Amino acid sequence: MTAPLLQAINLSKRYVLSGNHTVHALQDASMELTQGSWLTITGPSGSGKSTLLALLAGLDRPTTGEVLLDGTNISQANDVRLARYRKKKIGIIFQEYHLFEELNSLENVAMPLVVSNMTIKQRHAQAMSLLETVGLADRATHLPRQLSGGERQRVAVARALVHDPEIIFADEPTSNIDQKAADKVLHLFHSFKNAGKSLIVVSHSKQLSAAADTLIQMESGRIVL
Ligand SMILES: Nc1ncnc2c1ncn2[C@@H]1O[C@H](COP(=O)(O)OP(=O)(O)OP(=O)(O)O)[C@@H](O)[C@H]1O
Ligand SMILES: [Mg+2]
């Protein structure tokens, strides 16, 4: 049996708010992702999906538990190593997109290539090709505030894929776009997986659930299925 690419062991995340009020955003969550597979996470609003995704992507640290990436505990890996890994091997589509407001679409999409040894011309050519794929070639010079919500989301999708990462973490990547654009994203994700890569997708979309090899359902901070 092949070792999992990514493994969560008894992950919990608690937030302590004022007045000692504690939120158990995630409780005792364990799961694994095999290389080359697609995992979709579903569940009601507030059930802990984004919290779990952030921990798996190494963006946040668990209160207790471990995330193992290729067998290494990412909360113990020194930050420089983790940052390098993230930049090269991971593509993230945030629920709120997190585009750089002062950069246009092309520059946003080209951003993950800064750490590559490509020239700026090559980076922009690659970013443009991704923008074309998501149907936004004619919005390349728009700033995020000059884009619609769905266009911003597609810029975020293009940015997550531009450096050909190993794993994509996507939080509701089609929540704001129409069926035609969602079909394009689905197609991109399928091609990504067919290249032997792995995806973790938070989504309520039936299409994105149906495409998954594994489905995880969350409720009140716990994995229930
Ligand atoms: N920084 C924080 N401080 C306090 N509570 C938080 C914080 N972040 C998340 N929570 C709480 O943790 C719970 C899980 O949040 P999370 O964002 O993971 O939910 P979600 O399943 O992604 O929901 P949605 O579908 O609405 O995006 C929620 O009840 C939320 O209010
Ligand atoms: Mg969320």
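The structure we're discussing is the one just above.
Numbering of residues starts from 1 in each chain and follows the order in which that chain's sequence is written. Whichever chain is written first is A, and whichever ligand is written first is 1; the rest continue in order. Local features in a predicted model are, by the rule used here, given only for residues with pLDDT of at least 70; side-chain atom pairs are given and counted only at 80 or more, and totals for whole chains, interfaces and linings are based on all residues. Think of the side-chain values as coming from all heavy atoms in the structure, minus any hydrogens and water.

Student: Any chance you could break down the site of ligand 1 for me, citing the residues and the numbers?
Tutor: The rule for a residue being near a molecule or strand is that one of its heavy atoms must lie within 4 Å of it. Around ligand 1 there are 13 residues in total, and S45, G46, K49, T51 and Q95 lie nearest to it. Any N or O atom pair separated by 3.5 Å or less is treated as a polar contact, with the protein-specific requirement of one donor-capable and one acceptor-capable atom, and with residues adjacent in sequence counted only for side-chain atom pairs. Between ligand 1 and K49 there is a distance of 2.7 Å, counted from an oxygen atom to a side-chain nitrogen or oxygen. At 2.8 Å, a side-chain N or O of S50 approaches an oxygen atom of ligand 1. What sets the accessible areas is the Shrake-Rupley method with a 1.4 Å probe; for residues, cover comes only from the shown protein chains. Look at ligand 1: alone it shows 640 Å² of surface, and the protein chains cover 64% of it. For the purposes of this entry, the term helix denotes a DSSP run of H or I that reaches at least four residues, the term strand denotes a run of E that reaches at least two, and both are numbered from the N terminus. Breaking the shell around ligand 1 down by element, the ones donating at least two residues are strand 2 (22–33) and helix 1 (49–56).

Student: Talk me through helix 1; I want residue IDs and the actual numbers.
Tutor: Think of it in three bands: residues with accessible area under 20% of the maximum for their type are buried, residues over 50% are exposed, and the middle band is partly exposed, with areas taken using a 1.4 Å probe on protein chains only. Counting buried positions over the eight residues of helix 1 gives seven, a clear majority of the element. Among the residues of helix 1, those classed as buried are K49, T51, L52, L53, A54, L55 and L56. Positive phi appears at G58, one or two residues downstream of helix 1, with a value of about 75 degrees.

Student: Just give me the short version of unusual backbone geometry, but keep the residues and values in it.
Tutor: Across residues other than glycine, the phi torsion is negative in most instances, and most of the peptide bonds are trans. Although it is not a glycine, H98 adopts a positive phi angle of roughly 55 degrees. Within the secondary structure, H98 is located in the loop between strand 6 (90–93) and helix 3 (105–110). One non-glycine residue, S220, lies in positive phi territory at about 45 degrees. Considering the arrangement of structural elements, one finds S220 in the loop between strand 9 (214–219) and strand 10 (222–223). Residue S220 is classed as exposed on the basis of its relative accessible area of 58%.

Student: Account for the pairing of strand 7 (residues 167–171), naming residues and giving values.
Tutor: Where burial is concerned, most of strand 7 is hidden: five out of the five residues are buried. On strand 7, burial covers both faces: I167, F169 and D171 on one face and I168 and A170 on the other are all buried. Strands were regarded as paired on the criterion that DSSP finds at least two bridges between them. As paired elements, strand 6 and strand 7 share four bridges and run parallel to each other. Of the residues in strand 7, the one forming a bridge with I92 is F169. We call a crossover right-handed when, viewed with the strands running away from us, the connection from the first strand over the helix to the second turns clockwise. Once you follow strand 7 into helix 6 (residues 179–194) and on to strand 8 (residues 198–202), the crossover reads as right-handed.

Student: Could you give an account of the environment of L186, naming the residues involved and the relevant values?
Tutor: Topologically, L186 is positioned in helix 6. The class of L186 is buried, set by a relative accessible area of 14%. Taking the C-alpha atoms as reference, L186 lies 8.5 Å from A211; in sequence the two are 25 residues apart. Leave out the neighbours within four places in its chain, and L186 touches W38, Q207, L208 and A211. Residues are treated as being in contact if the distance between any of their heavy atoms lies within 4.5 Å.

Student: Lay out empty space enclosed by the protein in plain terms, naming residues and giving numbers.
Tutor: Think of a 1 Å grid over the protein atoms and nothing else: a 1.4 Å probe that fits but is trapped marks a cavity, an open set flanked by protein within 12 Å on at least five of seven lines marks a pocket, and residues with an atom within 4 Å of a point count as lining. Grid points are joined across faces, edges and corners, and a volume is the space filled by probe spheres set on the points. Under the criterion given, the structure shown has one cavity of 30 Å³ or more. Roughly 50 Å³ of internal volume is contained in the largest cavity. Lining the largest cavity we find L6, L56, A57, G58, L69, I74, L82, Y85, R86, I90, I167 and F169. Of all the secondary structure elements, the ones that give two or more residues to the lining of the largest cavity are helix 2 (79–89) and strand 7. When residues of the lining of the largest cavity are assigned to their parent elements, the largest contribution, three residues, is made by helix 2. Tallied by class, the residues present in the lining of the largest cavity amount to 10 nonpolar, one polar and one charged. Classification used: nonpolar for Ala, Val, Leu, Ile, Met, Phe, Trp, Tyr, Cys and Pro, charged for Asp, Glu, Lys and Arg, polar for all others including Gly.

Student: Tell me about the sheet that holds strand 3 (residues 38–42), and name the residues and values.
Tutor: Sheet strands line up and pair through hydrogen bonds in the backbone, either parallel or antiparallel. Taken in spatial order, the six strands of this open sheet run 6-7-8-3-9-10, and their pairing is mixed. The sheet is open, and its two edges are formed by strand 6 and strand 10, each paired on a single side. Pairing of strand 7 with strand 8, which is carried by five bridges, proceeds in the parallel orientation. By the bridge assignment, D171 is partnered in strand 8 with V202. Geometry is summarised by axes, namely lines fitted to C-alpha atoms with helices restricted to the contacting stretch, and by angles between N-to-C directions that run from 0 to 180 degrees. Sheet strands touched by helix 6: strand 3, strand 6, strand 7 and strand 8. Its angle to strand 8, the strand with the most contacts, is close to 150 degrees.

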